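Listed below, chain by chain, are the residues.
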2 protein chains.
Amino acid sequence: MQKLKQKILSEGRVIGNSVLKVDSFLNHQIDPKFMLEMGNELAARFAGEGITRILTVEASGIAVALTTGLSLGVPVVFAKKGRASTQNNNIYSARIYSFTRQEAVDIFVSDKFLGPRDTVLIVDDFLAHGEALRGLLELVDRAGARLAGAGIVIEKVFQGGGAALRERGVRIESLAAIKSMSEECVEFI
Amino acid sequence: MQKLKQKILSEGRVIGNSVLKVDSFLNHQIDPKFMLEMGNELAARFAGEGITRILTVEASGIAVALTTGLSLGVPVVFAKKGRASTQNNNIYSARIYSFTRQEAVDIFVSDKFLGPRDTVLIVDDFLAHGEALRGLLELVDRAGARLAGAGIVIEKVFQGGGAALRERGVRIESLAAIKSMSEECVEFI
């Protein structure tokens, strides 16, 4: 998606060789109109797949999942982190490791909102090592739902998560795929 | 907002006398089209206030903040919880107490996305004791921004947060205001 690549180049900031800050439009401040365009694009790529639900994980996946769900006309479910005291026991859970926060975290979804009759599109803001996506795939699997694929805003290809999951047969569509990056240069595929 | 009240009555579940679960359309699963209607309604209530930014806090405030920002045509900023390793030091922060999770948590926003030139509308999914809202007001204050008010999806009036903040002069608009509730009955104002 050309406009996204341009925004990454003009507003993004690379820290070291692995962290890309795009907090001006994606994961701290949100540009709502652009979020709508990205949701439309992800929805278009998975049109005709019979998707019944979008699945993401809190927090920064919610915005693009919402606009994708708006475009496809289906509900959005966001997996929660930790276990809230108001949560009942009928949940599917998975453990993921956050490289950003350097800690393991449990994500879960209620069995009311994900089940065997669902065809699921996973949506997230980033795909790097693939930890969050692997956890979300596990939730889809535990729920007995069908997976249509995963729609990602920015894939950091050099961190390998996407390749490993594509090898397992997961269809992944990324709006911007970064081959390599440094403080001087971001190279897209 | 009549449709919201109906949804609370038909899909909500009261646990004890203080917890309202509305996870089928608001804070676990999201109904995107309805979220758009609620955003439009909050935007309409604050039209003409010259709002330049929406402020919310992750995670379940993001969806309604996004649709409100879409309707008003302004950026949405979501305050983060904890301190991510990729965050720099130029932040405003506040400490809030979560009654749901029974712990204090720091919320923060980058000074790049909130400043003296802003007129801010705070948006959140719930207003109960007012802890989150107080923290967000503190961020607006520290940033030297002007506050237009707060737009809330569901206010649990009996928990007193709204009254205390209105007394301080904060304009609060709630789409559904619950006067009292029990497992048998939800009474709106």
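Structure: see above.
If you're wondering where the values come from, they're calculated on a predicted model, not measured in any experiment.

Reading the values: rules and limits
- Residues numbered from 1 in each chain as written.
- Chains lettered and ligands numbered in written order.
- Predicted model: local features only at pLDDT ≥ 70, side-chain atom pairs only at ≥ 80, totals over all residues.
- Heavy atoms only, no water.
- Helix = DSSP H or I, 4+ residues; strand = E, 2+ residues; numbered from the N terminus.
- Rg over C-alpha atoms; globule rule 2.2 N^0.38 Å.
- Buried < 20%, exposed > 50% of the residue type's maximum accessible area, 1.4 Å probe, protein only.
- Contact = heavy atoms within 4.5 Å.
- Areas by Shrake-Rupley, 256 points an atom, 1.4 Å probe, with all protein chains shown as cover.
- Lys, Arg positive; Asp, Glu negative; His and termini not counted.
- Charge placed at Lys NZ, Arg CZ, Asp CG, Glu CD.
- Phe/Tyr/Trp six-rings, centres within 6.5 Å; stacked < 30°, edge-to-face > 60°.
- Lys NZ or Arg CZ within 6 Å of the ring centre and 35° of its normal.

1. Let's talk about the overall build of chain A
Regarding its fold elements, chain A presents five helices and 11 strands. For a compact globule of 189 residues, the expected C-alpha radius of gyration is about 16 Å, and chain A comes in at 16 Å, within 12% of that figure. Once the C-alpha set of chain A is aligned to its principal axes, its extents read approximately 50 × 35 × 35 Å. Counting the 189 residues in chain A, one finds 55% classified as buried. Intrachain contacts of chain A at a sequence separation of at least 6 include 62% that bridge at least 24 residues. Here chain A displays about 7800 Å² of accessible surface, and carbon together with sulfur accounts for 45% of that area. Chain A carries 23 positive and 22 negative side-chain charges, and their two centres are separated by 3 Å.

2. Quick word on the packing of aromatic side chains
Tallied over the full model, the rule gives two aromatic pairs over all chains. Centroid distance Phe 25 of chain A to Phe 34 of chain A: 5.9 Å. Interplanar angle 65 degrees. Geometry classified as edge-to-face. Judged by relative accessible area, Phe 25 of chain A falls into the buried class, the value being 1%. Taking the ring centre of Phe 25 of chain A as reference, the NZ or CZ of Lys 7 of chain A above it sits at 5.5 Å. The positively charged end of Lys 7 of chain B is found above the aromatic ring belonging to Phe 34 of chain B, 5.0 Å away from the centroid.

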